[in-house]
Amino acid sequence: MGIEERKEREKMMRRRVILDAAKKVFVAKGFAGATMENIAEEAEFSPATIYLYFKNKDELHASLSIEMQDIFVEKIEEVCHRQDLGIEDKIKALPLAFCEVYERDPLNVMHVLRYQSSEALKALSFEVASEIRGKAKEYVRAISNLFEEGIREGLFFEHHPVAIADIVWSLFVGLVLWEDTKKDFDSRKDFLRPTLELGIELITRGIKKQECLDPGERWKLFWRVNSQWKEEVLTN
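From a predicted model like this one, the values you see are computed outputs, not experimental measurements. (Residues numbered from 1 in each chain as written. Predicted model: local features only at pLDDT ≥ 70, side-chain atom pairs only at ≥ 80, totals over all residues. Heavy atoms only, no water.)

With respect to the pattern of salt bridges
Stated precisely, the cut-off is as follows: For this document, the term salt bridge refers to a Lys or Arg side-chain nitrogen within 4 Å of an Asp or Glu carboxyl oxygen. Per the convention used, a helix needs a DSSP run of H or I reaching at least four residues, while a strand needs a run of E reaching at least two, with both numbered from the N terminus. The cut-offs for exposure are 20% and 50% of the maximum accessible area for each residue type, with area from a 1.4 Å probe on protein chains only; residues under the lower value are buried, those over the upper are exposed, and the others partly exposed.
Counted by the stated rule, this structure contains twelve salt bridges. Across the pair glutamate 88 and lysine 208 runs a salt bridge, and its minimum N-O distance is 2.9 Å. In this pair, glutamate 88 sits in helix 5 (residues 87–92) while lysine 208 sits in the loop between helix 11 (192–207) and helix 12 (215–235), placing the two residues 120 residues apart along the sequence. Of the charged contacts, one joins arginine 152 and glutamate 148 as a salt bridge, the two residues approaching to 4.0 Å between their closest N and O atoms. Residue arginine 152 and its partner glutamate 148 are located together in helix 9 (residues 126–152), separated by four residues, close to a single helical turn. On the basis of relative accessible area, glutamate 148 is assigned to the partly exposed category, the value being 33%. Because the salt bridges share partners, they merge into one network encompassing Arg16, Asp20 and Glu67.

Brief notes about empty space enclosed by the protein
Formally: Cavity: a set of points on a 1 Å grid over the protein atoms alone where a 1.4 Å probe fits but cannot get out. Pocket: an open set with protein on both sides within 12 Å along at least five of seven lines, its lining residues, like those of a cavity, having an atom within 4 Å of a point. Grid points are joined across faces, edges and corners, and a volume is the space filled by probe spheres set on the points. Note that Gly is not counted as nonpolar here; it falls among the polar residues with everything else outside the nonpolar set of Ala, Val, Leu, Ile, Met, Phe, Trp, Tyr, Cys and Pro and the charged set of Asp, Glu, Lys and Arg.
In total, this model carries one cavity of 30 Å³ or more according to the counting rule given. Estimated volume of the largest cavity: approximately 40 Å³. Lining the largest cavity, in full, are Lys23, Phe26, Val27, Leu64, Asp105, Leu107, Asn108 and His111. Of all the elements in the fold, those that place two or more residues in the lining of the largest cavity are helix 1 (3–33) and helix 7 (106–114). Tallied by class, residues from the lining of the largest cavity come to four nonpolar, two polar and two charged.

Some words on the packing of aromatic side chains
What counts here: Think of it this way: a Phe, Tyr or Trp ring, Trp meaning its six-membered ring, pairs with another when their centres are within 6.5 Å, and the plane angle makes it stacked under 30 degrees, edge-to-face over 60, tilted otherwise. Here, over-ring charges are defined by two tests on the NZ atom of lysine or the CZ atom of arginine: distance to the ring centre within 6 Å, and angle to the ring normal within 35 degrees.
In this structure the tally under the stated criterion is ten aromatic pairs. Measuring from ring centre to ring centre gives 5.8 Å for phenylalanine 72 and phenylalanine 172, while their planes differ by 70°; the resulting arrangement is edge-to-face. You can see phenylalanine 72 sitting in helix 4 (residues 57–80) and its partner phenylalanine 172 sitting in helix 10 (residues 161–182), a full 100 residues away along the chain. Both residues of the pair, phenylalanine 72 and phenylalanine 172, count as buried. One cation-aromatic arrangement involves lysine 57 over phenylalanine 31; the distance from NZ or CZ to the ring centre is 4.5 Å.

Structure, rendered in structure tokens:
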């Protein structure tokens, strides 16, 4: 191994240590309560070393979000590439993929959602902000590919697949934020996955050509929506 290669590997290892330390500090103190000095202490580096890798706390925080974005892309593409599923079953598998990522690290997923805002991106360097935007486009593109495939197969009406993907992703974002809010009232409530499944089913059926809809399936959808609504009302 050459000198330059070894230096690069050491640099990547230090960066990894800093990110792991930052994650622990953010979990313990929250974003507002954490400082670069706290992170330096946890990583056992000087604050000056931390600033060599990240220009401020926002950028460090954002770098953790980029890692979570990579996991989202990986999970969605995993669903897209499954050979054992038809297009509708792949779309039905999206809620589980989303929820698996969320359950793996809820706090970091909330970080990802924070950087959906252009206001939050202003605190970051151009390079980091551009990377976050690029990653967001990747998972929206992966979702849109599923609906584009359904359109090509004649299963769905010819709506723009990226617009449908935006709706699906917005549904997930909105539900995560809403479920997080509801936990303040009752931590036992967690309807994220069933509500997301229902939402994506409603979207899918809304764009599905009528001749592809089985009459029996329409009744199943009606009763499922009705039951879901009743459960939500009765538990509030």
